[in-house]
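Structure at a glance
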Amino acid sequence: MSSASELKITLLAGGVGGAKAAEGLAASQYASATSIIGNIADDDEFHGLWVSPDIDTLIYSLGDQIDRVQGWGRKNETHQVLKELSALGQDTWMTLGDLDLATHIYRTSQKAKGVSASEITHRLAKRHGVTMPILLPTDDVVQTRVKTPTGWLSFQEFFVREHCKPDVLDVEYKGATKASAAPAALEQIANSDVIVIAPSNPIVSIGAILAVSEIQHAIESSGAYVIAVSPLIGGKTIKGPADKMLESAGKSIDSNGIYACYASFLNALVIDTVDQDEVIGLEQKGLDVLVTPTLMKTTEEKSDLLSSVVQFALSQRSKGGKK
């Protein structure tokens, strides 16, 4: 076990749930020990600009620039550019505010100059005063695609334009099989004592990170204690289409379904108190289980939950809980 000063924690994060978990760790005693690996498979091009929604949500949240009402985008935002684009007959279903557009313009221009996505993320995080390292699983392009009864959609088309309404028949991660893991992410995983999986969508947020095979293999071969926070409370998601995605993957919409997504490396699962009756079944699978309120609204709730998660993981690891 590493000493407190040498402790290394990795958070796998995507979507609003991932950003909340990141904020929880940032507000806890474990802030300086934590690095984040974020989801880049929601990325897409709009109006000629490369947009990275999950990474920007992490940066804006940790930099206290997030729109707290909607959970994404910049606070105090205006939409003059979008209004003008709409007047010019352009599709504007992807809401990009004026301040937000500056991020995308910068990212796109730097990308065109050959700057890596990891370095661009580092520069944007620094601009917003974010000190917790945000790492990417890969610098290559990986994009989640969702198969619906009317055909394949990009994730943003499914999530934003269609409001998650179509049935989900399949999910794929375009480019993942050819993607190389970012060296910094592999190094972070290899040196981690604890890996926390945020209460993110296990299929299109965490699953997209794991689709880069080197990342999954690194977790499986690491000496870290891996603990996941379930995004389900009473069999329902707080936000997003995780239930539809689990069903499309042939997994149950409960704690067992979450476990199934991470079965090859998971040591522990954190579930809400309303799901207490699922503990025995999970323990029979060899999992350690932490039962605690998992709904995160306030900074204190975020910090309390993530502190409890890490403390539980360290306690179990010290007992030899690592597989």
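Residues numbered from 1 in each chain as written. Predicted model: local features only at pLDDT ≥ 70, side-chain atom pairs only at ≥ 80, totals over all residues. Heavy atoms only, no water.

Here we come to the sheet that holds strand β8 (residues 170–174). An order of β7-β6-β8 is seen for the three strands of this open sheet, with the pairing classed as antiparallel. Since the sheet does not close on itself, it has two edges, and those belong to β7 (151–154) and β8, each with one partner. Along the sheet, successive strands turn relative to each other by an average axial angle of 30°, direction set aside. As judged from the four bridges shared by strand β6 (residues 143–148) and β7, these two strands associate in the antiparallel manner. Bridged to V146 within β7 is L153. (Pairing = 2+ DSSP bridges. Helix = DSSP H or I, 4+ residues; strand = E, 2+ residues; numbered from the N terminus. Axes fitted to C-alpha atoms, helices over the stretch in contact; angles between N-to-C directions.)

What follows concerns the environment of Q311. When you line up the elements, Q311 lands in helix α13 (residues 299–318). Accessibility expressed as a relative area gives 38% for Q311, which makes it partly exposed. Measuring from C-alpha to C-alpha, the distance between Q311 and Y30 comes to 9.8 Å, with 281 residues separating the pair along the chain. The residues contacting Q311, other than those within four sequence positions of it, are Q29 and Y30. (Buried < 20%, exposed > 50% of the residue type's maximum accessible area, 1.4 Å probe, protein only. Contact = heavy atoms within 4.5 Å.)

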